[in-house]
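Here are the chains, one letter per residue:
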Amino acid sequence: LALMYAKTKHIPLLHIEHGSSFVKSGSPLVVRCAQLYDRTLGRLILKKADRIIAVSESARAFVASLCPGKDCETIYRGFDSAQIDAIPASSEYPRASTSRLIFCGRLVSGKGIRTLFESLKQLQSNDWELIIIGDGSERNFVEQKISEFPENRILLLGEKRQGEAISILKTGDIVIHPSLTEGLPTVVAEAALCAKAIVATDVGGTRQLFPESDRHWLIPAEDPRALAEKIDILIRQPDTRIDLGLKLQKHIREHFSWDTSSKKIMDILKELKRP
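Calculation rules
Residues numbered from 1 in each chain as written. Predicted model: local features only at pLDDT ≥ 70, side-chain atom pairs only at ≥ 80, totals over all residues. Heavy atoms only, no water. Helix = DSSP H or I, 4+ residues; strand = E, 2+ residues; numbered from the N terminus. Rg over C-alpha atoms; globule rule 2.2 N^0.38 Å. Buried < 20%, exposed > 50% of the residue type's maximum accessible area, 1.4 Å probe, protein only. Contact = heavy atoms within 4.5 Å. 1 Å grid on protein atoms, 1.4 Å probe; cavity = no way out; pocket = protein on both sides within 12 Å on 5 of 7 lines; lining within 4 Å. Points joined across faces, edges and corners; volume = space filled by probe spheres on them. Nonpolar A, V, L, I, M, F, W, Y, C, P; charged D, E, K, R; others polar. Phe/Tyr/Trp six-rings, centres within 6.5 Å; stacked < 30°, edge-to-face > 60°. Lys NZ or Arg CZ within 6 Å of the ring centre and 35° of its normal. Salt bridge = Lys/Arg side-chain N within 4 Å of Asp/Glu carboxyl O. Arc of directions from axis to C-beta. Disulfide = S-S within 2.5 Å. Pairing = 2+ DSSP bridges. Axes fitted to C-alpha atoms, helices over the stretch in contact; angles between N-to-C directions.

Peer 1: I would appreciate a short explanation of the overall build of the protein in the present structure.
Peer 2: Helix and strand counts for the protein stand at 11 helices and 9 strands. Since a compact globule built from 275 residues should have a radius of gyration of about 19 Å, the 20 Å found for the protein is in line with a globular shape. Taken along its principal axes, the extent of the C-alpha atoms in the protein is 65 × 40 × 30 Å. Burial statistics for the protein: of 275 residues in total, 49% are counted as buried. Within the protein, contacts between residues at least 6 apart in sequence are counted, and of these 70% link residues at least 24 apart.

The following block contains the structure:
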């Protein structure tokens with residue numbers, strides 16, 4: 001629709017690409033239809049766009065795979081650290097253990113929710129609790145899996161507004177992000193700005209949110225054993241998770257500023273506006 005409107009009105013089209021791979025969530029039919037769209041209409045949009053911005057290096061590589069030779073610039077998204085700093089930690093959910101794990105995201109297969117539950121069964125430590133923030137098509141699966149654990153070990157909160165979700169994130173120790181595919185995951189950046197230790201899958205632009213020295217906390221997708229091993233280390237080593245959280249926070253503040261990102265985007269818009 002954006003392409004049709006731009007061409008009809010004879011105005012430039014700026015396309016911002018968030019995806020870093022073909023869709024992996026949903027039924028086989030949905031996945032195949034999504035791939036067909038990317039290879040046809042998606043490729044056409046990229047070809048006809050006057051400028052393309054990718055939100056991560058992996059998103060830029062995805063553009064190159066769909067439309068070889070097309071110019072594409074990487075501009076990282078910015079995150080408002082001051083806004084997140086101003087949100088107080090929630091007092092609504094008292095702790096039941098010394099290590100609180102948090103998953104925040106849509107409850108769909110592409111977010112790795114099944115990998116998460118497989119990893120929980122493999123944890124060596126029993127001193128943990130898990131809060132799940134989100135809703136989606138996998139909710140019934142999640143509720144069934146929760147019933148397999150001791151009562152109150154896992155708390156499913158459902159969907160929350162951004163401010164509420166961040167206030168709950170601030171009560172956690174370890175944020176888990178086992179997604180199968182990403183562009184540049186917002187929840188990882190927000191958790192980092194909350195100074196939380198994070199274990200995430202090395203997909204899409206996620207690695208750009210980690211300093212190079214700490215990318216060993218990134219794991220392959222759909223690898224519950226690797227996920228469990230990283231979580232166990234952080235449960236056993238509270239000083240390590242505090243140090244990791246502070247380093248992640250510093251990295252996001254230094255490299256993902258809205259001031260820098262918005263200026264780059266505005267410069268492109270000004271160029272496109274010129275006759």
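Peer 1: It is not clear to me how the layout of surface pockets should be interpreted in this structure. Could you clarify?
Peer 2: Unoccupied space between atoms shows up once a probe the size of one water molecule is rolled over them. The space that makes up the largest pocket amounts to roughly 440 Å³. Lining the largest pocket are 21 residues, with Cys 104, Gly 105, Arg 106, Val 187 and Glu 190 positioned closest to its centre. Those elements giving two or more residues to the lining of the largest pocket turn out to be helix H7 (162–169) and helix H8 (186–193). The biggest single contributor to the lining of the largest pocket is H7, with 4 residues. Considered class by class, the residues forming the lining of the largest pocket number 8 nonpolar, 5 polar and 8 charged. Considered as a void within the structure, the second largest pocket measures approximately 370 Å³ in volume. Residue assignment for the lining of the second largest pocket shows that the elements contributing at least two residues are strand E1 (14–17), helix H2 (28–48) and helix H3 (57–66). The biggest single contributor to the lining of the second largest pocket is H2, with 5 residues. In terms of residue class, the lining of the second largest pocket is built from 7 nonpolar, 11 polar and 6 charged.

Peer 1: Is there a simple way to explain the packing of aromatic side chains in this structure?
Peer 2: Two descriptors summarise a pair of aromatic rings, namely the distance from one centre to the other and the angle between the planes of the rings. Applying the stated rule across the entire model yields 6 aromatic pairs. Here the aromatic rings of Phe 22 and Phe 62 are separated by 5.4 Å at their centres, their planes lie at 85°, and the arrangement is edge-to-face. Of this pair, Phe 22 sits in the loop between E1 and H2 while Phe 62 sits in helix H3; the two residues are 40 residues apart in sequence, bridging distant segments of the chain. With relative accessibility at 18%, the residue Phe 22 sits in the buried group. Ring geometry for Phe 117 against Phe 141: centres 6.1 Å apart, planes inclined by 90°, an arrangement best described as edge-to-face. Taken together, the residues span a long stretch of sequence, with Phe 117 in helix H5 (residues 113–120) and Phe 141 in helix H6 (residues 139–146) at a distance of 24 residues. Summarising the burial analysis for this pair, Phe 117 and Phe 141 share the class buried. Clustering of aromatic rings is evident, with ring pairs tying together Phe 117, Trp 128, Phe 141 and Phe 149. The residue whose ring lies beneath Lys 121 is Phe 149, and the NZ or CZ to ring-centre distance is 4.5 Å.

Peer 1: Explain the pattern of salt bridges to me, please; I cannot follow it from the model alone.
Peer 2: A side chain with one charge may pair with a side chain of the opposite charge, provided their charged atoms come close. Across all of its chains, the model carries 18 salt bridges by this definition. A salt bridge links Arg 253 to Asp 85, with the shortest nitrogen-to-oxygen separation between them at 3.0 Å. Within this pair, whereas Arg 253 is found in helix H10 (residues 238–255), its partner Asp 85 is found in helix H4 (residues 81–85), the two being separated by 168 residues in sequence. Residue classification places Arg 253 among the partly exposed positions, given a relative accessible area of 39%. Judged by its relative accessible area of 41%, Asp 85 falls in the partly exposed class. Linking Glu 254 and Lys 250 is a salt bridge whose minimum nitrogen-to-oxygen distance equals 2.8 Å. Here Lys 250 and Glu 254 lie together in helix H10, a separation of 4 residues that amounts to about one turn.

Peer 1: Explain H3 here, please?
Peer 2: An α-helical turn contains 3.6 residues, so a residue and the one three or four places further along point in the same direction. Buried within H3 we find Ser 58, Ala 59, Phe 62, Val 63 and Leu 66. Down the axis, H3 shows its buried residues gathered within 150° of arc, on one side only. Contacts from the buried residues of H3 go to E1, H2 and strand E2 (51–54).

Peer 1: In this structure, what is going on with the state of the cysteines? I would like to understand it.
Peer 2: Here is the idea: a disulfide is a covalent bond, and it sits between the sulfur atoms of two cysteines. Considering all chains together, one arrives at 0 disulfides under this definition. The thiol of Cys 104 is unpaired, and the distance to the nearest cysteine sulfur, on Cys 194, comes to 10.0 Å. For Cys 104, a relative accessible area of 14% puts it in the buried group.

Peer 1: Hey, could you run me through the sheet that holds strand E3 (residues 73–74) in this one?
Peer 2: Backbone-to-backbone hydrogen bonds pair the strands of a sheet. The strands run either parallel or antiparallel. Strand order in this open sheet of 3 strands is E1-E2-E3, and the pairing throughout is parallel. Only two strands of the sheet have a single partner each, and these edge strands are E1 and E3. Sheet analysis places E2 next to E3, joined by 2 bridges and oriented parallel. Considered in E3, the bridge of Ile 53 is made with Glu 73. Across the sheet, helix H11 (residues 258–273) lies against E1, E2 and E3, angled at about 170° from E2, the strand it touches most.

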